[in-house]
Amino acid sequence: MSKQRSKSSRYKRYWGLQGWKVCLPLTAIIILLSAGVAVAQNQASETPSDYQSLKIALDTIWVVFTACLVFFMNAGFGMLEAGLCRHKNAANILTKNLIVFALSTVAYWAIGFALMFGDGNFLLGINGFFLAGPDNSPMTGSDYEGVFRSLNWTGIPLNAKFFFQLVFAGTAATIVSGAVAERIKFSAFCLFSLFLVGIIYPITGHWIWGGGWLQQLGFQDFAGSTVVHSVGGWSALMGAYFLEPRKGKYIGGETYSLPGHNLSLATLGCLILWLGWFGFNPGSTMKLEPEAISHIIVTTNTAACAGGITAALATWLDPRNSHSKPDPTMIINGVLSGLVAITASCRFVSIGSAIFIGLIAGILVVFSVEFWDRIKIDDPVGAISVHLVGGVWGTLALGLFSEGSGSSEGPVKGLFLFGGMESLKQLSIQLLGIFVVGVSVLIMSSLAWLLVKFILSSSLRVSEEAEDDGLDLHEHSMSAYGGFLFKQDVKQEVLTERKRNN
Amino acid sequence: MSKQRSKSSRYKRYWGLQGWKVCLPLTAIIILLSAGVAVAQNQASETPSDYQSLKIALDTIWVVFTACLVFFMNAGFGMLEAGLCRHKNAANILTKNLIVFALSTVAYWAIGFALMFGDGNFLLGINGFFLAGPDNSPMTGSDYEGVFRSLNWTGIPLNAKFFFQLVFAGTAATIVSGAVAERIKFSAFCLFSLFLVGIIYPITGHWIWGGGWLQQLGFQDFAGSTVVHSVGGWSALMGAYFLEPRKGKYIGGETYSLPGHNLSLATLGCLILWLGWFGFNPGSTMKLEPEAISHIIVTTNTAACAGGITAALATWLDPRNSHSKPDPTMIINGVLSGLVAITASCRFVSIGSAIFIGLIAGILVVFSVEFWDRIKIDDPVGAISVHLVGGVWGTLALGLFSEGSGSSEGPVKGLFLFGGMESLKQLSIQLLGIFVVGVSVLIMSSLAWLLVKFILSSSLRVSEEAEDDGLDLHEHSMSAYGGFLFKQDVKQEVLTERKRNN
Amino acid sequence: MSKQRSKSSRYKRYWGLQGWKVCLPLTAIIILLSAGVAVAQNQASETPSDYQSLKIALDTIWVVFTACLVFFMNAGFGMLEAGLCRHKNAANILTKNLIVFALSTVAYWAIGFALMFGDGNFLLGINGFFLAGPDNSPMTGSDYEGVFRSLNWTGIPLNAKFFFQLVFAGTAATIVSGAVAERIKFSAFCLFSLFLVGIIYPITGHWIWGGGWLQQLGFQDFAGSTVVHSVGGWSALMGAYFLEPRKGKYIGGETYSLPGHNLSLATLGCLILWLGWFGFNPGSTMKLEPEAISHIIVTTNTAACAGGITAALATWLDPRNSHSKPDPTMIINGVLSGLVAITASCRFVSIGSAIFIGLIAGILVVFSVEFWDRIKIDDPVGAISVHLVGGVWGTLALGLFSEGSGSSEGPVKGLFLFGGMESLKQLSIQLLGIFVVGVSVLIMSSLAWLLVKFILSSSLRVSEEAEDDGLDLHEHSMSAYGGFLFKQDVKQEVLTERKRNN
């Protein structure tokens, strides 16, 4: 810990000297700091049996395969968020979503993974920075000797564990990207991502997956409805709050739609994310358990379908609007919301329950989008509705629908499956976890946003002119779609008069 | 069966009361119906040996991996079909291709999988609705006890079998989407998809893969040239027939090209589909057989290449047109046609034969597109040419080129490999299967299209105004490309006079 | 060899008769020639043990999975290159990138794989054309009996070996596509690709991976920084040199930017390539070694991140330009350059070294792009900077940073790890390999480009008019984006006067 503290104070001095536009050099420092750390990984001392060596190989390919699917979610988020924003900001969003995984990798390797899974106390890990320290993975259980004991239940090499957890951590940062889009400075986003992935995400993650106090209490979140999605969502919420709405979004009492520029990209993004979730959820077994992964892939898919269908219906059959139509972007968000919601409980619920969880998620997302607009939290892509609201619902739903796990590690039977007092206790712990993680991330991310502002000694937000012209021009001196002609490019009088859709 | 019949009559009453725009609630009913079904899956009673448990794990990861590739074909079809249609209908097509897998999931889980693979008779399965009923997978062969005996040859959990078959079923529905694009009502397509995936596809599928009469007769279709692609193709043909051509496609005796809006998307879609086929065909082993999957991936790829190359040549060296050029959309369809054609026989033919099969498929698709235009069947993306014509050719080709399988289950040596009388018998069965499946799907899909029309009590087709303005505006109140300027948006006189390409 | 020679002379006569526009029929000939070759693959004669059969299955799924990722790089290159070029040439580039893998497949199957991995001498393989000849894979080591002894270290079926190597070979050709974009004739590119994948790539590949003289000397290139990327890069360099710059690129002493048309595609392409590299590098083990693949995936990812970050910084903090911004296309190229650079050494370096290798690659690519512009080598997408410069750096870096391999096959400790004299020897061999491969590919690809020109009896380059109007119109009679309006489509006076970004 002391090493950690001295490092962050050194950062502050550096930032104080250099002012803004310096968020990326942070990584350079991290690299330099790491130079002194000897990377020493003990190999398993005994030769494993044939069965063991095949088992390790199987578990490793499973984790690598699913990690690749989760990594691909970077493309999914990139396409989704770019597609749902205006063309004049597309290059900016795409670049944010590309660089953020690079920054996440450095931050999580240097600090995050250690804070989250390194041996430590009930609040955070204090070993294993830069992946250093003893570790005899793929040894498991009591055979494991090393500083990442919270991951000693999976028999794969340390690097595979790290890579799988890294792609998860990257997800949290891309969630924020969408909610703060079309107005945040590129430098501010980069800097915040380092804090989120290096510090905030790992701390709450340690509580739930790293052996911390919520895990000890029995809080259950199988693949990260809370650990990943709510945490990303709460951070996104504070970002959207600090940044204030985009120009033209709320005028007087009215909410104006600022429609995205490319539904092809957004739909592609949604399908890539859907695919990615077949890594995210089944992969969270972190070993190849045939029954479990087959079950999880079906519950995951089913909840996505239910979410998409109910979001379609909710927008189609809107009683307040007789001309309502099935809304493509809401169907996309319904699918994603169903996926987020099933993430906590995918291993422990039946297909029927998965339908119900997705169904509620699909309705929630529609009303949630309206809710945030009502309180003037401007979230261009609906990230807060999908990941925060969906994540909270999913974490609760585990307490309602769990079939039980038949093990002391997993959840008890849920309330709706007549789990009785035990289930009420589980539900209370779920609620407690949701609440405490929410408050903690609100506080930590607020501090981080303010710190970013301080470091840049300027606003988090681009100038009004930049917002008008588009961030692509001001932040990157380019256009995402060179050669194309846009509505704003021609004089009004040359446009034909036929009915126009936006 | 009686349960089945009473359900469908209940549906009809419901639809009669509510009129149109209610196709999606069907799914809600299915969910409610499922509530009473106890999901009881017996686990394997004996502990498997180390070898067995590793084998099960290997087979499961293989099926899950390939199922993920096939799932990703949803993105492939979405991008391909959207790209080949006009921009004003892009949002509609994308949304259709997104929601259709959600609807397919519900229909196939509730009804389809049971009709197709559930124990029953030579015509259809009558057990296993909602995946219910005993099943001790991953036990195989005579150790298997359960209601899905037609899948007892693969040693993986039931949920993995279901998911793999589900992504196949979803494919059939997305094939239809392309052929009926740019004029079908969103509600009509949704409703038809439920019928196709819930009833039509499973019935003919049962005949060939579920233990039905064609399978007993010796009909061979390894990965679904007929089961998936032709069935989708016949349904698409009837859809295109009932819907009639798009406005402006055939005027007088002339056929006009209505070019797509985005070749980038279409090419991406083609490459995603090509990738997906490495799941589709090798995955159809449903177990990890190294020799077989290695062979299949090579024959599959080779046929795709041959199809693409000959389609390029056929459009490039067209003797009727001295200025002919290699046509990008036709190359795409040539690749896909090669893939469809090799699907039936990929396991049983040599690489040389795969080239020949793909080569013919690539030529067929070019002439087939012309043929459908001549009889005024308007298929915006060429789906009928690719999936129906390619599927029929592929099913026949198995009888011509098969190397034999060395097992009583597989095909005999093909006619061109001097299979003699045995091969003529095989070929006759292939022809019989093609014919009977064709006629059956023509009848069933016609009934389904008419039923959809009846349920909606209106035309399957959008209004003329909607077709002119684009389905995006009328069916979804949006534009897929907000902010972009299109040719129709500006007055004619401001356009420059230089040579224009559409 | 004699068979080989007679074949090529037959080709020449054919070409002489037919003139231009005939590059594709080459494939037809190859197919016909192959008809006489009996495909005889001996199966393993002994029944393998349970352990062995599971090991073979595991290694096969690993190679198939990673080969699928590498195949998907075709989509990555297609999207990247199309996105970085102008809209009027998009269809052409997309079609090139689609057809090139089809052509590569035929060329590599017929000739390339045999030249590269077939038994032969220190210069090239002379056995195994059309995959024919004895081969008892998956037998390994001294149990292996067949004509592909250079691949006898991996215990998978021959078809799996072939498919994995095929997708690598395809990569080399797509590299060239980018550098020659926007001005090369479609026919010229197709023809050159056949030479590259069928002859050039396999010959230098044989030297390094197929048992040839560089491999015997101890040259190290784990996954192909030289074998794949530099070879593609040198060929691209000669292509760009022979084709001369695009119109408007260099006028007087000035370099003009001709910005791409779609950063969404380019970013998607970059992320797909990044994903593909998780197949490219870890898959090059060609067997499932848990420790190795876990390590490789982390070093690969880390170098990509470092490359992206330093490219961002280098463009952002450019001391010569106080208004410089982080350049999205350069970040993309930085990521790719990092990936190319780590390819040679990914297995043998620490994470810290991977950061350093990527970091240098990210800076190199920025300056390299400027360098080629200064000497008027016009490379529209930066392919030469990424693949050639990155590949050379990566091959050298192995000699600097290697941790040693602990085996006589792998590299010794690198110079920066105090490898001493041994490391200097390794470094010399690396330099020798870089130099000889460079010179050889420069010569062979120059001959190939000239031969293509001779065969087509015309320029490699499209007419000036075609370049002005776009290759899409002249080479494919179409537009990639039908219906969209472009800047050139409207008269200047209707454009608004607000600040325009290209």
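Residues numbered from 1 in each chain as written. Chains lettered and ligands numbered in written order. Predicted model: local features only at pLDDT ≥ 70, side-chain atom pairs only at ≥ 80, totals over all residues. Heavy atoms only, no water.

Visitor: Which residues make up the overall build of chain A, and what are the values?
Guide: Tallying secondary structure elements over chain A gives 16 helices and two strands in all. A separation of at least 24 residues holds for 75% of the contacts in chain A among residues at least 6 apart in sequence. (Helix = DSSP H or I, 4+ residues; strand = E, 2+ residues; numbered from the N terminus. Contact = heavy atoms within 4.5 Å.)

Visitor: How would you summarise the relation of the copies chain A and chain B if you had to cite specific residues and measurements?
Guide: Once chain A has been moved 0.0 Å along the axis and rotated by 120°, it coincides with chain B to within an RMSD of 0.0 Å. Such values leave the two copies arranged in the relation of a three-fold axis. Rotation axis and chain A: the residue whose C-alpha lies nearest the axis is L485(A), separated from it by 3.3 Å. (Least-squares fit on C-alpha atoms with pLDDT ≥ 70 in both.)

Visitor: Can you break down the interface of chain A and chain B residue by residue, with the values?
Guide: Opposite the 65 residues of chain A that make contact, chain B presents 70 residues. Across the interface of chain A and chain B, roughly 6100 Å² is buried in total on both sides, 74% from carbon and sulfur atoms. Its largest share of buried area at the contact with chain B, chain A owes to L271(A), I309(A) and W316(A), together 10% of the area lost on that side. The interface formed by chain A and chain B holds zero salt bridges in total. Inspection of the region where chain A meets chain B yields twelve residue pairs in polar contact (both at pLDDT 80 or more). Of all elements in the fold, only α3 (50-84), α9 (263-280), α10 (290-316), α11 (328-343) and α12 (351-374) of chain A reach the threshold of two or more residues within the side of chain A that touches chain B. (Buried area = accessible area lost by both parts, 1.4 Å probe. Salt bridge = Lys/Arg side-chain N within 4 Å of Asp/Glu carboxyl O. Polar contact = N/O pair within 3.5 Å; in protein donor to acceptor, adjacent residues only side chain to side chain.)

Visitor: Describe the interface of chain A and chain C, with residues and values.
Guide: The interface of chain A with chain C comprises 70 residues on the first partner and 65 residues on the second. With both chains or domains summed, chain A and chain C bury close to 6100 Å², and 74% of this area falls on carbon and sulfur atoms. For the pair chain A and chain C, the interface holds zero salt bridges. For the interface between chain A and chain C, the tally reads twelve residue pairs in polar contact (both at pLDDT 80 or more). Among the elements that line the side of chain A that touches chain C, the one with the most residues is α3(A), at 16 residues. Per-class residue counts for the side of chain A that touches chain C are 44 nonpolar, 18 polar and eight charged. (Nonpolar A, V, L, I, M, F, W, Y, C, P; charged D, E, K, R; others polar.)

Visitor: Account for helix α9 (residues 263-280) of chain B, with residues named and values stated.
Guide: All names here are of chain B. In this model α9 runs 24 Å from its N-terminal to its C-terminal C-alpha over 18 residues, within 8% of the 26 Å that 1.5 Å per residue would give. For α9, the buried fraction is high: 18 of the 18 residues fall into the buried class. A side-chain oxygen of the first residue of α9 lies 3.3 Å from the backbone nitrogen of S264; this N-cap is N262. (Expected span 1.5 Å × (residues − 1). Buried < 20%, exposed > 50% of the residue type's maximum accessible area, 1.4 Å probe, protein only.)

Visitor: Report on α11(A), specifying residues and quantitative values.
Guide: Under the 1.5 Å per step criterion, the end-to-end length of α11(A) is 23 Å for 16 residues, consistent within 8% with the ideal 22 Å. Its side-chain oxygen 3.0 Å from the backbone nitrogen of T329(A), D327(A) forms the N-cap of α11(A).

Visitor: Break down the pattern of salt bridges for me, with residues and values.
Guide: Residue and element names in this part refer to chain C. Applying the stated criterion across every chain yields a total of 36 salt bridges over all chains. Across the salt bridge formed by E182 and R246, the nearest N and O atoms sit 2.3 Å from each other. In this pair, E182 sits in the loop between α5 (158-179) and α6 (186-209) while R246 sits in the loop between α8 (225-243) and β1 (250-251), placing the two residues 64 residues apart along the sequence. Taken as a pair, E182 and R246 share a single burial class, namely buried. Between E370 and R320 there is a salt bridge whose closest N-O contact spans 3.0 Å. In this pair, E370 is assigned in helix α12 (residues 351-374) and R320 in the loop between α10 (290-316) and α11 (328-343), connecting sequence segments 50 residues apart.

Visitor: Kindly report on the confidence of the model for chain A, identifying the contributing residues and their values.
Guide: All names here are of chain A. Across chain A, pLDDT averages 90, with 89% of residues at or above 70. Across residues 1-46, where pLDDT falls below 50, the model places 69 contacts with residues more than four positions away in sequence or in other chains. Overall fold confidence (pTM) sits at 0.92, and the ipTM for the predicted complex is 0.91. (pLDDT = per-residue confidence, 0-100.)

Visitor: Now, about the environment of S368(B): what can you tell me, with residues and values included?
Guide: Residues and elements named next belong to chain B. For S368, the location among the structural elements is in helix α12 (residues 351-374). Separated by 21 residues in sequence, S368 and V389 have C-alpha atoms that sit 7.4 Å apart. Excluding residues within four positions of it along the chain, S368 makes contact with S385 and V389.

Visitor: Break down the domain arrangement of chain A for me, with residues and values.
Guide: What the domain assignment lists for chain A is domain 1 (11-40) and domain 2 (48-466). For domain 1 of chain A versus domain 2 of chain A, the separation of C-alpha centres amounts to 27 Å. (Domains from an automatic or database assignment.)

Visitor: Explain the packing of aromatic side chains to me, using residue names and the numbers behind them.
Guide: As enumerated under the stated definition, the model contains 93 aromatic pairs over all chains in all. Here the aromatic rings of F278(A) and F163(B) are separated by 5.2 Å at their centres, their planes lie at 80°, and the arrangement is edge-to-face. Separated into two different chains, F278(A) in helix α9 and F163(B) in helix α5 (residues 158-179) make up a pair that spans both. We classify F163(B) as buried; its relative accessible area is 1%. Judged by centre distance (4.7 Å) and plane angle (50°), the rings of F486(B) and F484(C) are tilted. One end of the pair, F486(B), is in the segment after α16 (471-476); the other, F484(C), is in the segment after α16 (471-476), on a second chain. Across the pair, F484(C) and F486(B) agree in class, each one buried. An aromatic cluster is built from Y481(A), F484(A), F486(A), Y481(B), F484(B), F486(B), Y481(C), F484(C) and F486(C), whose rings are joined through pairwise contacts. The residue whose ring lies beneath K96(A) is F189(A), and the NZ or CZ to ring-centre distance is 5.0 Å. (Phe/Tyr/Trp six-rings, centres within 6.5 Å; stacked < 30°, edge-to-face > 60°. Lys NZ or Arg CZ within 6 Å of the ring centre and 35° of its normal.)

Visitor: Quick rundown of the environment of A448(C)? Include the residues and the values.
Guide: All names here are of chain C. Within the element layout of this structure, A448 appears in helix α14 (residues 420-456). Distance from A448 to I200, taken between C-alpha atoms, is 8.8 Å for residues 248 residues apart in sequence. The residues contacting A448, other than those within four sequence positions of it, are F192, F195 and I200.

Visitor: Before we move on, could you go through the nonpolar core and cite the residues and values that matter?
Guide: Among the nonpolar cores identified, the biggest contains 530 residues, and Y201(A), W274(A), Y201(B), W274(B), Y201(C) and W274(C) are the most heavily contacted of them. Apart from residues lying up to four places away in sequence, Y201(C) is in contact with Y108(C), M116(C), F168(C), A169(C), A172(C), L196(C), W209(C), V227(C), V228(C) and V231(C). In this structure, L485(A), V490(A), L495(B) and V490(C) belong to the second largest nonpolar core, which totals twelve residues. (Core = buried A, V, L, I, M, F, W, Y, C linked by side-chain atoms within 4.5 Å.)

Visitor: If you had to explain the relation of the copies chain A and chain C to someone new, which residues and values would you point to?
Guide: Comparison of the two chain copies shows a relationship of rotation about an axis with a shift along it. Aligned on chain C, chain A shows an RMSD of 0.0 Å; the corresponding rotation is 120° and the shift along the axis is 0.0 Å. A distinct binding surface is used by each copy, with only 19% of the interface residues of chain A retained as interface residues in chain C.

Visitor: Any chance you could break down the packing of helix α4 (residues 90-117) of chain A against α11(C) for me, citing the residues and the numbers?
Guide: Between α4(A) and α11(C), the least distance of the axes is 10 Å, while the angle of their chain directions is 30°. Classed by the angle they form, the pair α4(A) and α11(C) counts as roughly parallel. The chirality of how α4(A) crosses α11(C) is left-handed. Of the residues in α11(C), those in contact with T95(A), L98(A) and I99(A) of α4(A) are P328(C), I331(C) and I332(C). Residues of the contact of α4(A) with α11(C), tallied by class, amount to five nonpolar, one polar and no charged. (Axes fitted to C-alpha atoms, helices over the stretch in contact; angles between N-to-C directions. Parallel < 35°, antiparallel > 145°, perpendicular 65-115°, else oblique. Left-handed = near helix turned anticlockwise from the far one by under 90°.)

Visitor: An account of the state of the cysteines is requested, with residue identities and associated values reported.
Guide: Counted according to the given criterion, the structure contains zero disulfides over all chains. We note that C68(A) lacks a disulfide partner, and the nearest cysteine sulfur, in C68(B), lies 12 Å from it. (Disulfide = S-S within 2.5 Å.)

Visitor: Lay out the packing of helix α10 (residues 290-316) of chain B against helix α3 (residues 50-84) of chain C in plain terms, naming residues and giving numbers.
Guide: Between α10(B) and α3(C), whose axes approach to 9 Å, the crossing angle comes to 20°. Regarding the angle of α10(B) to α3(C), the classification is roughly parallel. Here the hand of the crossing between α10(B) and α3(C) comes out left-handed. Only I56(C), A57(C), T60(C), V64(C), C68(C) and F71(C) of α3(C) make contact with α10(B), whose side of the interface consists of P290(B), I293(B), S294(B), I297(B) and N301(B). Across the contact of α10(B) with α3(C), the residue classes tally to eight nonpolar, three polar and no charged.

Visitor: Outline the side chain of S284(A), supporting the account with residue identities and numerical values.
Guide: Residues and elements named next belong to chain A. With respect to the helices, strands and loops of the structure, S284 is situated in the loop between α9 and α10. For S284, a relative accessible area of 10% gives the class buried. Excluding anything up to four places from it in sequence, S284 contacts W153, F164, F168, F222, A223 and G279.

Visitor: Account for the environment of I360(A), with residues named and values stated.
Guide: Its location among the elements puts I360(A) in helix α12. Measuring from C-alpha to C-alpha, the distance between I360(A) and S104(A) comes to 32 Å, with 256 residues separating the pair along the chain.

Visitor: A description of a nonpolar patch on the surface should follow, citing residues and the corresponding values.
Guide: Residue and element names in this part refer to chain A. Taken together, the side chains of L415, F416, M421 and L424 present a nonpolar region at the surface, about 390 Å² in accessible area. Among the structural elements, F416 can be located in the loop between α13 (383-401) and α14 (420-456). For F416, a relative accessible area of 45% corresponds to the partly exposed category. (Patch = residues over 30% accessible without salt bridge, like charges linked within 9 Å, V, L, I, M, F, W, Y side chains within 5 Å. Areas by Shrake-Rupley, 256 points an atom, 1.4 Å probe, with all protein chains shown as cover.)

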